[in-house]
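# Residue-level structural notes
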10 protein chains.
Amino acid sequence: MDKLEMHHTLMAAKARKGLSWEDLGRATGHSPVWVASACYGMNSAPPEAARKLTEALGLDDDVIAALMAFPTKQWDGAIPQDPLIYRLYEIVGVYGPTLKDVIQEKFGDGIMSAIDFAMDVECEENPHGDRVVVTMSGKFLPYKSW
Amino acid sequence: MDKLEMHHTLMAAKARKGLSWEDLGRATGHSPVWVASACYGMNSAPPEAARKLTEALGLDDDVIAALMAFPTKQWDGAIPQDPLIYRLYEIVGVYGPTLKDVIQEKFGDGIMSAIDFAMDVECEENPHGDRVVVTMSGKFLPYKSW
Amino acid sequence: MDKLEMHHTLMAAKARKGLSWEDLGRATGHSPVWVASACYGMNSAPPEAARKLTEALGLDDDVIAALMAFPTKQWDGAIPQDPLIYRLYEIVGVYGPTLKDVIQEKFGDGIMSAIDFAMDVECEENPHGDRVVVTMSGKFLPYKSW
Amino acid sequence: MDKLEMHHTLMAAKARKGLSWEDLGRATGHSPVWVASACYGMNSAPPEAARKLTEALGLDDDVIAALMAFPTKQWDGAIPQDPLIYRLYEIVGVYGPTLKDVIQEKFGDGIMSAIDFAMDVECEENPHGDRVVVTMSGKFLPYKSW
Amino acid sequence: MDKLEMHHTLMAAKARKGLSWEDLGRATGHSPVWVASACYGMNSAPPEAARKLTEALGLDDDVIAALMAFPTKQWDGAIPQDPLIYRLYEIVGVYGPTLKDVIQEKFGDGIMSAIDFAMDVECEENPHGDRVVVTMSGKFLPYKSW
Amino acid sequence: MDKLEMHHTLMAAKARKGLSWEDLGRATGHSPVWVASACYGMNSAPPEAARKLTEALGLDDDVIAALMAFPTKQWDGAIPQDPLIYRLYEIVGVYGPTLKDVIQEKFGDGIMSAIDFAMDVECEENPHGDRVVVTMSGKFLPYKSW
Amino acid sequence: MDKLEMHHTLMAAKARKGLSWEDLGRATGHSPVWVASACYGMNSAPPEAARKLTEALGLDDDVIAALMAFPTKQWDGAIPQDPLIYRLYEIVGVYGPTLKDVIQEKFGDGIMSAIDFAMDVECEENPHGDRVVVTMSGKFLPYKSW
Amino acid sequence: MDKLEMHHTLMAAKARKGLSWEDLGRATGHSPVWVASACYGMNSAPPEAARKLTEALGLDDDVIAALMAFPTKQWDGAIPQDPLIYRLYEIVGVYGPTLKDVIQEKFGDGIMSAIDFAMDVECEENPHGDRVVVTMSGKFLPYKSW
Amino acid sequence: MDKLEMHHTLMAAKARKGLSWEDLGRATGHSPVWVASACYGMNSAPPEAARKLTEALGLDDDVIAALMAFPTKQWDGAIPQDPLIYRLYEIVGVYGPTLKDVIQEKFGDGIMSAIDFAMDVECEENPHGDRVVVTMSGKFLPYKSW
Amino acid sequence: MDKLEMHHTLMAAKARKGLSWEDLGRATGHSPVWVASACYGMNSAPPEAARKLTEALGLDDDVIAALMAFPTKQWDGAIPQDPLIYRLYEIVGVYGPTLKDVIQEKFGDGIMSAIDFAMDVECEENPHGDRVVVTMSGKFLPYKSW
């Protein structure tokens, strides 16, 4: 079972069980965003998480193995098209050099890791319309001379 | 004075005065990230903010007008190359469909606005290495039928 | 049933029943353009609209579920090739900066939303040749400072 | 004087005189959108319009000649980046096949001309936020067999 | 039956019957180039032409319907690779601005329509090697102000 | 004097003298299209033609040398944007495989040369609107086995 | 049988029979490179060559027809990736303007035909390592004025 | 003096002296193609060759240093546009896999070097039109296991 | 059996047998990296290595033939997306001109061969986190004049 | 002084002084590759290294500031063209998935950092031709769940 088949199997079971990412987050003891990314085949799950996830969804050991496999991370097209994802891309384009300057002024020359990294999504209620709050946390990695 | 000349003028004055984005944030009553994005020519500044910013930096009225002008937002290349900015692009590629699913499960069919939008950067101290924490907050815009 | 299969099912039923988009607009109480976009898999239908549409076309509940699913919006190629669609792309290229200037002079710094958005098509009779009249209406979203 | 220099000259004069596109539309007897597109160098102006426009802006005959010259229409990049213009591109991507189907069902096999074409922008006041209304009108051109 | 299957069906019948495009042109009362383009799925055929064509090729009503369907015109790759087609692309690249200048000097600001358009191919015998003569005829469409 | 400078010099002189491509064609004994292409720097002129052309335009020997130089043929962008030139590109996309089939059925396996090639533009008066008639004539080059 | 199936059939038969391109060149009276290109579906074979080739490989008449069919020449990607083919592309990139200058100085303004063209590959023994010798011969086609 | 300035200096001197690449080949004891490639800035010249070349052209020591500098080899665009160079690109596209097969059948798994490489151009007189003969010779480099 | 099927067969057997690339390196007397590249279909294996590898994995002669076949080396996309592979691409982008300068200063004008080439990966233990050590060794190929 | 001007200043001083990267490595106590990358503007130098480097090259304080500035890392084109750099790109293409598999089998799911990274180049003498040995050492960064 490859990651694509795994993804379809997991999504179908999730819909059948009527479980949300929040539910699966609670069932595995992980963040809903991370659980979703593992189910989308973009992160490998530790054995314990894979086991709990398949239990919650009533799936078998094939899926555990597929969840634990190390993924090859790939996406379609240099520029995303779906409006929700494009807006994130636009934010990187518009604010990229700004973020580089603000981060490097605060931390020195280096980057925010996308590997030692976590991300969450919250809903902030607001009378003018609820807001999506995305929080990213990545380890600062300083450039080194040698 | 166009946005590019304005940017160079502001960066030179900021370096000369030894002020940080935090300082300029305090001076204008805005977030350091927003102030930086206005100085990078990616957002237009309201008159009050433009005035306070140029005062703090000892610059004249030309710069106020340039800060208030409505920008054309553009960036170089579909795929950014600087490692700090590329990592953000990579996060959009790797986690884009995950975020779409998590957000739309929570909010319904729609997007996070990149226009009615705010972003901040914090440093989280950590014994294993400090972490960059980026928080984005965008209004949820539901798709409408008509 | 995914959006692609749904699309083919709906188009076949529409041809079989000999119904026009106008007819389906009346049957659902929505604009013909919006109904078509939902049938092309580019918008999710509210339950009521999905039910009325499948009733009008004599289709079953699978199609209702597919119509209600939140779509991933994607299209082929950066530059469209079919002459009808290319002409729209050309209009964006030729008149994009003009529209930006005219809209922002009238409304201030911001954009026309493509999410809180509606569009219609009318035929304007004209002795020199009928004219296609496309009307777009999108909420103005002002940029905010923070 | 080429179209680029003409554009900068016109924009500077317009700012100096404090005239809006509406004002220039009235001064020339043309639509504000068309006047703007001619000033952006994307349409050639008939002699009368060129004369009235330069009169209104206090400019000389060089500008008249430049306004009357036939332009080469070009734009930067296959995919626009400024959010206002990108949203229009996104609309073409998302609704292109829908529009093709709705138009061709109404008119037969053919296209909406982008040459025999007019466009206007109106502000529609709305308690939930004002709306930008863009109206395009293009002659329907049927495909012919031969 | 979609346009692709129609194309294969028509080409197979044409080969089986040993008919040339000239023959099919005569059989339908249309130009051989236009008939070929309809068989390649790039133009919709009027009912009479579709009927005569299928009669000449001994095909049934499915093919008539497919010939009459309005096509979506698409091609592979921005730059064609087959040498015969590339040479045409090269001619557009090399002579495009020349043609623009010559046509607009003769006709005024406007374009040659690719919709109200016809094209033919003739063989011109020549002792130094026969020549391919391609004739294009497109309605001149003047730009309009509004 | 390189081809670009030569082009600007020639266009300025042509405007100053008020001569058309037809006039320059007559003055040189060549087709107006070919003369234009030589003035656009896309063909090298034989000495006689270069001499007559500069005489007609009142230019000096530098221009003769530049007209005779062998050009490097280049154009902007894989896909042209100006509507007049794009329509030609669209014709190649839409009718490319059709032309290949019609030409190769008539002539055998081979191509129409874009080097041993001539092209002309005529105006065909027509009550429904004048038509642009473009005629291309290229030597047929058969593929050879070896 | 299309060119792709023909290619696989021919390659399998060649491997089964243990014949080299040299052998097939001798069997058909053509150059090994040309025979290979016909088997790769990039050239159409004259009837005699097609017959001799299928005889040598013990294949039937389907393959003869496929070998004789006029090919559509296409390749994957603008820039080849396999190292052997990339090196040829690199040679075109590095030496392209050099070859243009040397050829045009020798022959006048024109090109080397890729249609009336032949190519061979020889092995030149050399104590420092054998050398691949590729010889291309193409008819010179002079540009013509008209 | 960088390679670009060197190139223009050398071309101007070559034109002034009326020398051909053949002449410069004889003057330096190298192949005309190699001399041209060094003058185009695509190869570094050994001291002796650089000295003889500048002597023949009456240039000074700056040019010697520039000729000896190690070049960065770069070219414009993935796909060349000038017809002479495009035909070479087309040959690589059409015959690339054929050449790979013929070379590797003869030599084993490996490539023809584009570094340990030489190339010459000859004119072959022919009553049907002279032919350009390009000969490439590159060391065969076998792949190695390790 | 083509290289893709061979790859899947080899990977499945390797997983079934629980062997590492180190094990397969020992079993064949080759480097683990080279063995992996042969199993990924990017290098052809000499007969002895192919035999030992299939023996170790309990596979049959089909796989031997496939391992020995000369590969066509191809990869997906100009810019890799998986983070591990992208980092290598980034290193080439960031350090490419640096490496060119350092290598050519040391060795003269030339390149490091990617054909006569070997590469290994070691783990270097380190209290601040283990390090991946990649060593590449390629024959220096000097450019030659001719 | 920006990084580009700094680069030219440093390269000119290095040539004037006749110093090699080895010399500058010794002068600063850093690796020659790292020193070169700092001089190419791709890494920021710590104050001590910047001071020693400018001392060795006889340059002033402007250069120290430029060396210490945090760079924006960018390179030309997705695919490098200079043969030396392209070979490195080709190695990433050909061996990328192989390296991913070998590294992740040895270290677990994660990547080799390109930030906490060092690289060196050595010459290995070899009777069959000297070899370039490039050694990369990057910290292994494991993916984390959250």
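What you are looking at is a predicted structure, and each value in this text was computed from that prediction instead of being measured. (Residues numbered from 1 in each chain as written. Chains lettered and ligands numbered in written order. Predicted model: local features only at pLDDT ≥ 70, side-chain atom pairs only at ≥ 80, totals over all residues. Heavy atoms only, no water.)

What chain A contains, in helices and strands, is six helices and two strands. Mapped from its N terminus to its C terminus, chain A presents α and β elements in the order α-α-α-α-α-α-β-β. When the backbone C-alpha atoms are referred to their principal axes, chain A occupies close to 50 × 50 × 30 Å. Looking at chain A as a whole, 61% of its 146 residues are labelled buried. As displayed, chain A has an accessible area near 5,600 Å², and 52% of this comes from carbon and sulfur atoms. With 14 positive and 21 negative side-chain charges, chain A shows a separation of 3 Å between the mean positions of the two kinds. (Helix = DSSP H or I, 4+ residues; strand = E, 2+ residues; numbered from the N terminus. Buried < 20%, exposed > 50% of the residue type's maximum accessible area, 1.4 Å probe, protein only. Areas by Shrake-Rupley, 256 points an atom, 1.4 Å probe, with all protein chains shown as cover. Lys, Arg positive; Asp, Glu negative; His and termini not counted. Charge placed at Lys NZ, Arg CZ, Asp CG, Glu CD.)

Glancing now at the interface of chain I and chain J. Between chain I and chain J, the residue contacts involve 70 residues of the former and 70 residues of the latter. Interface area, chain I with chain J, both sides summed: about 6,700 Å², of which 68% is carbon and sulfur. Area buried by chain I at its contact with chain J is led by Trp75(I), Leu84(I) and Val132(I), which between them contribute 10% of it. On the surface where chain I and chain J come into contact, there are eight salt bridges. Here Glu105(J) and Lys14(I) are joined by a salt bridge, their closest N and O atoms 2.6 Å apart. Counting the contacts that link chain I with chain J gives 28 residue pairs in polar contact (both at pLDDT 80 or more). (Contact = heavy atoms within 4.5 Å. Buried area = accessible area lost by both parts, 1.4 Å probe. Salt bridge = Lys/Arg side-chain N within 4 Å of Asp/Glu carboxyl O. Polar contact = N/O pair within 3.5 Å; in protein donor to acceptor, adjacent residues only side chain to side chain.)

Let us look at a negative patch on the surface. On the surface, Asp2(A), Glu5(A), Asp60(A), Asp61(A) and Asp62(A) cluster together into a patch of negative charge. Mapped onto the secondary structure, Glu5(A) falls in helix α1 (residues 3–17). (Patch = residues over 30% accessible without salt bridge, like charges linked within 9 Å, V, L, I, M, F, W, Y side chains within 5 Å.)

With antiparallel pairing, four strands are arranged side by side in an open sheet as β1(E)-β2(E)-β2(F)-β1(F). A strand with exactly one partner marks an edge of an open sheet, and here the two such strands are β1 (110–124) of chain E together with β1 (110–124) of chain F. The average angle at which neighbouring strand axes cross in this sheet is 20 degrees, direction not considered. In this structure, β1(F) lies alongside strand β2 (residues 131–142) of chain F, joined through eleven bridges in antiparallel fashion. Paired with Glu124(F) across the two strands is Arg131(F), which belongs to β2(F). (Pairing = 2+ DSSP bridges. Axes fitted to C-alpha atoms, helices over the stretch in contact; angles between N-to-C directions.)

Moving on to the domain arrangement of chain A. In terms of domain boundaries, chain A breaks down into domain 1 (3–68) and domain 2 (83–142). Taking only C-alpha atoms into account, the centre of domain 1 of chain A sits 26 Å from that of domain 2 of chain A. (Domains from an automatic or database assignment.)

Turning our attention to the packing of aromatic side chains. The final tally for this structure, using the stated rule, is 70 aromatic pairs over all chains. Against the face of Trp21(B) rests Lys14(B), its NZ or CZ located 4.4 Å from the ring centre. (Phe/Tyr/Trp six-rings, centres within 6.5 Å; stacked < 30°, edge-to-face > 60°. Lys NZ or Arg CZ within 6 Å of the ring centre and 35° of its normal.)

Next up on the list: the sheet that holds strand β1 (residues 110–124) of chain G. An order of β1(G)-β2(G)-β2(H)-β1(H) is seen for the four strands of this open sheet, with the pairing classed as antiparallel. Two strands close off the open sheet at either side, each with one partner strand: β1 of chain G together with β1 (110–124) of chain H. On average, adjacent strands in this sheet sit at an angle of 20 degrees to one another, irrespective of strand direction. Sheet topology places strand β2 (residues 131–142) of chain G next to strand β2 (residues 131–142) of chain H; nine bridges connect them, and they run antiparallel. By the bridge assignment for β2(H), Val133(G) is matched with Ser137(H). Relative to the sheet, helix α6 (residues 83–107) of chain G contacts β1 and β2 of chain G together with β1 and β2 of chain H, its axis offset from that of β1(H) by approximately 20 degrees.

After a rotation of 180 degrees and a shift along the axis of 0.0 Å, chain I superposes on chain J with an RMSD of 0.0 Å. These values place the two chain copies in the arrangement generated by a two-fold rotation axis. Within chain I, Thr135(I) has its C-alpha nearest the rotation axis, a separation of 2.2 Å. Comparing interface residues between copies, 100% of those in chain I also sit at the interface in chain J, which points to an isologous, same-surface contact. (Least-squares fit on C-alpha atoms with pLDDT ≥ 70 in both.)

Take helix α5 (residues 61–68) of chain G next. Residues and elements named next belong to chain G. For α5, the complete set of buried residues consists of Val63, Ile64, Ala66 and Leu67. Relative to the axis of α5, the buried residues are bounded by an arc of 165 degrees and lie together on one face. Contact partners of the buried residues in α5: α1 (3–17), α3 (32–39) and α4 (47–57). (Arc of directions from axis to C-beta.)

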